[in-house]
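Next come the chains, spelled out residue by residue.
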Amino acid sequence: MYKQFILFFLLALNAAGGSIEIGTDEFFSNNPFCASCAASMRYQTLYLESEIGGPIEIESISLMRTPAGGTSVTLDTLVIYIGYSKSGELGTGFDDNYVPGTKQIVFWEENCTINATEPNQWFQIDLETPFSYSGSGNLIIEYAWPDGYDEIFNYNWTGTLNRSLTGGWGAATGFTTQDCPHILLLGTLSLQNVTFGFIKSLFSTE
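Here's a quick rundown of the structure. (Residues numbered from 1 in each chain as written. Predicted model: local features only at pLDDT ≥ 70, side-chain atom pairs only at ≥ 80, totals over all residues. Heavy atoms only, no water.)

### Let's talk about the pairing of strand β4 (residues 56-84)
Phase 1: The buried count for β4 comes to 22 of 29 residues, which makes it a mostly enclosed element.
Phase 2: Here eight bridges tie β4 to strand β6 (residues 122-133), and the two strands are oriented antiparallel to one another. Paired with Ser 62 across the bridge in β6 is Gln 124.
Phase 3: Of the strand pairs in this sheet, β4 and strand β12 (residues 183-189) are connected by seven bridges, and their pairing is antiparallel. Residue pairing for β12: Leu 63 is matched across the bridge by Ile 183.
Phase 4: For β4 and strand β8 (residues 148-158), the ladder comprises six bridges, and the chain directions are antiparallel. Note on β8: the bridge partner recorded for Gly 69 is Ile 152.
Phase 5: In the sheet, β4 pairs with strand β5 (residues 104-115) via ten bridges, with the strands oriented antiparallel. The residue bridging Thr 77 from the neighbouring strand is Glu 110, located in β5.
Phase 6: As paired strands, β4 and strand β7 (residues 139-145) are joined by six bridges and run antiparallel to one another. Counted as the bridge partner of Val 79 is Ala 144 from β7. (Buried < 20%, exposed > 50% of the residue type's maximum accessible area, 1.4 Å probe, protein only. Helix = DSSP H or I, 4+ residues; strand = E, 2+ residues; numbered from the N terminus. Pairing = 2+ DSSP bridges.)

Fair warning: the whole summary comes from geometry, so function is off the table for now.
This is the structure:
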């Protein structure tokens, strides 16, 4: 019973909720949530394995609102995809950037309103389907919407090489830039420290 308690405690400790923050508040950006700036949007962003740092079950995504812009945006439809990248920078073809078979829809909502009432604070989007990031590989997060009104501006930061790809809803290609949003990934940190060997030894006969 004592060993079972120890195992339960370790599993709970290692599978606890957590967050991973990537980027800084470098400059104001109107991507991806300015419906007053663009008729539609397909916006693909890239985060590197070295920036993420380890496995996580991603349950929500937060961006940092700037003092500029509005406090909400309403979109006819908001779709968010997450998948693995083929390389450390984005090319001009949206679907070509994904490792085949890894692109997943994690959020799809009609008539979607996002609120960001306070400047210099995170605004959060809870995913409908969590994404299990293994801790190995670069990660694409893509936002797409066909129409909407109002806007939220968020902070972006400049990475290295091409880190974002911008086009219209349904576009196959777009134009690349070296910046992407300052982001906070929230979710469950995976079991990194409790190994199979340790579990086996815990329950082995003496």
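The rest of the description comes next.
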